[in-house]
Amino acid sequence: MVRVRFAPSPTGTLHIGGVRTALYNYLLARKLGGQFILRIEDTDQTRYVPGAEEYIIEALRWTGLVPDEGVGFGGEYGPYRQSDRKAMYAEYAQQLIERGNAYYAFDTAEELDQQRSSTENFIYGSSTRMGLRNSLALSKAETETLLANGTPAVIRLKIDPGQSILINDLIRGEVVFQSDELDDKVLLKTDGMPTYHLANIVDDHLMKITHVIRGEEWLSSTAHHVLLYRGFGWEDTMPQFAHLPLIMKPEGNGKLSKRDGAKFGIPVFPLAWVSDDPEQNAPGFRENGFVPEAVVNFLALLGWHPEGEQEIFTMDELISAFSLEKISKGGARFDYEKAKWFNQKYIQAMDNVALANIIRPYAESKNYTATEDFLVKVAELMKERVTFVQDFTETGYYLFEKVRIYDADTVAKKWKPEVKPVFSELTSVIEQCSDFSAAALEETVKTFIHDKALKPGDILPLLRIALAGTMKGPAVFDMAAMLGKTETVERLRLFENV
RNA sequence: GCCUCGUUCGUCUAGGGGUUAGGACGCAUCCCUUUCACGGAUGAAACACGGGUUCGAUUCCCGUACGGGGUACCA
């Protein structure tokens, strides 16, 4: 049984790379009929941000990556929040000490800083630990006294020199580390909380995780994790590792960071983050007008590509096509233009009724009165010309209200003195139409143009400007039919009098 | 610095010892349409470099360069 987990830290928003990690975990779980688990890694109490946990859950729901187990989703392996598991980590750390694979260390932060600045390439390990303040260097009596006095102590992993640690990464293949280069990582902090390394191994073991799919930033600490599994005697059930390439900045060097949203004017979060501190607030894909399916599709293909040349995938298609082996090794640059293209494609392909439901809240927020039928019609006429969901009511505002400004260039070019009376006449003709369908209108107007010995180009642009104010948009007769006779004639008269 | 991972069009990528190196986004031109978009067609655009191995390397190996990540009582 495959069991995977997404284990974010609730330090604020989830960034888009985190969503992709969740997605790949989810896809693998669904593909292999396993479980997808949400675990909250809040072992750093100083970095806890209120609301972050709720944000993470909402983001997963929005993208459709709903966990089978985890914080907020139940399950038999809980609790799924690490702060709620605090007591058990101390017990496991203790167990490691008893097995001779960990030890107490009493060095203060200042002492360690000093070591790092005075010794080049200092590592807290087999070559240095006997000169430091820990239970390996101190006598048993000294150690017991220090502990009895309540001296702040951490528990460190004891790494023996001379070992090669081989990791068989599902994406990268074999990666080897030498234990001499590894430091004796802190496992349990002075506040009694575990570090990521300890909590991660204990939880993955207890939660029966089979595959650890996480960002590449974890690759270099994986050797420590393997040693921890060995230390506990759990190596035979150790999960398999898959380290994902990172998502890079759209321009320049480095991985995509939370600050890049503001810097490049693009969303880097699934949902907007709104907090007490306006400095921290940032827009999200949802608020910028993306549909979740498009975001998922875009993210799925950022660093992964199945056989074939298909680009548009439903979630089910992603699930059946997914495999870890097809994940790229190199980092992928975040391409906002491509994200926009996916969104446009999804909107285009969407059912008009479904789109009407998406448009409705935008229309309501602008106090537009629009019936279901009207919104469906808006969807039909506009969906081939929008990129974002708010474009229906923004660039297509003229479908909901009177024209705000008339395109000056077109007016200057087409609104000639001699056509003005003809235009009035046409308005009257339109007013007389009994059949206000697009086809009938077109027939009427074209006959009129023909009878007046005019060209379509003399009249049609003016009709468009009168109705929409711009030379962009749906077919004129479709718009007129949708607006109805009263509104159409009103707009034509309004335009004549400008 | 040390450890570690990577490198095919501007971007996301396919491919893989012998290919006209394929697709997508973006860009350009044209067609459709007397609007815009959609759609269609066409085009410009890539195997980082140097050594091997080989009859033959973009593909395999080794270096170099460049880039990423790690190097905390953060995750």
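For every chain, the first residue of the written sequence is number 1, and numbering continues from 1 along that sequence. Starting at A for chains and at 1 for ligands, labels are handed out in the order in which the entities are written. The predicted nature of this model means local features are confined to residues of pLDDT at least 70 and side-chain atom pairs, given and counted, to a pLDDT of 80 or more, with totals for whole chains, interfaces and linings taken over all residues. As a convention, hydrogens and water are excluded, and side-chain values are obtained from all of the structure's heavy atoms.

Trainee: Which residues make up the pattern of salt bridges, and what are the values?
Mentor: For this document, the term salt bridge refers to a Lys or Arg side-chain nitrogen within 4 Å of an Asp or Glu carboxyl oxygen. In the structure shown here, the tally under the stated rule is 31 salt bridges. Across the pair D204 and R39 runs a salt bridge, and its minimum N-O distance is 2.8 Å. Here R39 lies in the loop between strand 2 (35–38) and helix 2 (52–63) and D204 lies in helix 6 (residues 196–206), a separation of 165 residues in the sequence. This pair shows no difference in class: D204 is buried, exactly as R39 is. The residue K452 makes a salt bridge to E425 at a minimum N-O spacing of 2.7 Å. One end of the pair, K452, is in the loop between helix 17 (438–451) and helix 18 (456–468); the other, E425, is in helix 16 (residues 419–432), with 27 residues separating them in the sequence. You can call K452 partly exposed: its relative accessible area is 33%. Among the ionic contacts, a cluster of salt bridges with common partners joins R5, R39, E41, R85, D203 and D204. Runs of H or I in DSSP of at least four residues are treated as helices and runs of E of at least two as strands, each being numbered from the N terminus. When a residue's accessible area, from a 1.4 Å probe over protein chains only, is under 20% of the maximum for its type it is buried; when over 50% it is exposed; and in between it is partly exposed.

Trainee: Please provide a residue-by-residue account of the packing of aromatic side chains, values included.
Mentor: Remark: the centre distance and the inter-plane angle together describe each pair of aromatic rings, the angle taken between the planes. Two rings from Phe, Tyr or Trp (for Trp, the six-membered ring) form a pair when their centres are within 6.5 Å of each other. A pair whose planes differ by under 30 degrees is stacked, one over 60 is edge-to-face, and the rest are tilted. Overall, the coordinates contain 23 aromatic pairs when judged by the stated rule. Ring geometry for F290 against Y336: centres 5.9 Å apart, planes inclined by 55°, an arrangement best described as tilted. Of this pair, F290 sits in the loop between helix 8 (260–264) and helix 9 (292–300) while Y336 sits in helix 11 (residues 336–349), and the two are 46 residues apart along the sequence. Residue Y336 is classed as buried on the basis of its relative accessible area of 14%. Ring plane angle 55° and centroid distance 6.4 Å describe the contact between W304 and F313, whose orientation is recorded as tilted. Just as W304 is buried, F313 falls in that class too. Two conditions define a charge sitting above a ring: the NZ of Lys or the CZ of Arg must be within 6 Å of the ring centre, and it must be within 35 degrees of the ring normal. Lying across the ring of Y77, R3 places its NZ or CZ 4.1 Å from the centre. We note R156 situated over the ring of Y124; from NZ or CZ to the ring centre the distance is 3.7 Å.

Trainee: Quick rundown of the protein's contact with RNA strand B? Include the residues and the values.
Mentor: The nearness test applies per residue and asks whether one of its heavy atoms lies within 4 Å of the molecule or strand. Of all residues adjacent to RNA strand B, which total 62 residues, the nearest are R172, E384, R385, P456 and M471. The protein-proximal atoms of RNA strand B, defined as those within 4 Å of the protein, are 73% sugar or phosphate. Taking N121, its side chain carries an N or O atom lying 3.0 Å from a base nitrogen of RNA strand B. Polar contacts, as used here, are pairs of N or O atoms within 3.5 Å; protein pairs need one atom able to donate a hydrogen and one able to accept it. Residues neighboring in sequence count only if both atoms are side-chain atoms. Take K345: an N or O atom from its side chain is 2.8 Å from a phosphate oxygen of RNA strand B. Breaking the surface near RNA strand B down by element, the ones donating at least two residues are helix 4 (109–118), strand 5 (154–157), strand 7 (173–178), strand 12 (332–333), helix 11 and helix 18. When residues are sorted by character, Ala, Val, Leu, Ile, Met, Phe, Trp, Tyr, Cys and Pro go into the nonpolar class, Asp, Glu, Lys and Arg into the charged class, and all the rest, Gly among them, into the polar class. Residues that form the surface near RNA strand B fall into these classes: 20 nonpolar, 16 polar and 26 charged.

Trainee: With reference to specific residues and values, describe the nonpolar core.
Mentor: Throughout, nonpolar core names a set of buried Ala, Val, Leu, Ile, Met, Phe, Trp, Tyr and Cys residues whose side chains join them through atoms within 4.5 Å. Within the largest apolar cluster, 125 residues are counted, with the highest numbers of intra-cluster contacts made by Y24, F232, F285, F334, V378 and F400. Here this core takes nine residues from helix 1 (residues 16–31), the largest share from any one element. Residues A438, A466, L483 and L492 belong to the second largest nonpolar core, which totals 27 residues.

Trainee: Go over the sheet that holds strand 5, please, and point to the residues and values.
Mentor: The strand order 4-5-8 describes an open sheet built from three strands, whose pairing is antiparallel. If you trace the sheet from one side to the other, it starts and ends with strand 4 (102–105) and strand 8 (186–188), each paired once. Across the sheet, the mean angle from the axis of one strand to that of its neighbour is 45°, orientation sign disregarded. In short, DSSP must find at least two bridges between two strands for them to pair. Pairing analysis gives four bridges linking strand 4 to strand 5, with the strands arranged antiparallel. Bridging from a neighbouring strand, Y103 pairs with R156 of strand 5. In this analysis an axis means a line fitted to C-alpha atoms, helices contributing only their contacting stretch, and an angle means the value between N-to-C directions, from 0 to 180 degrees.

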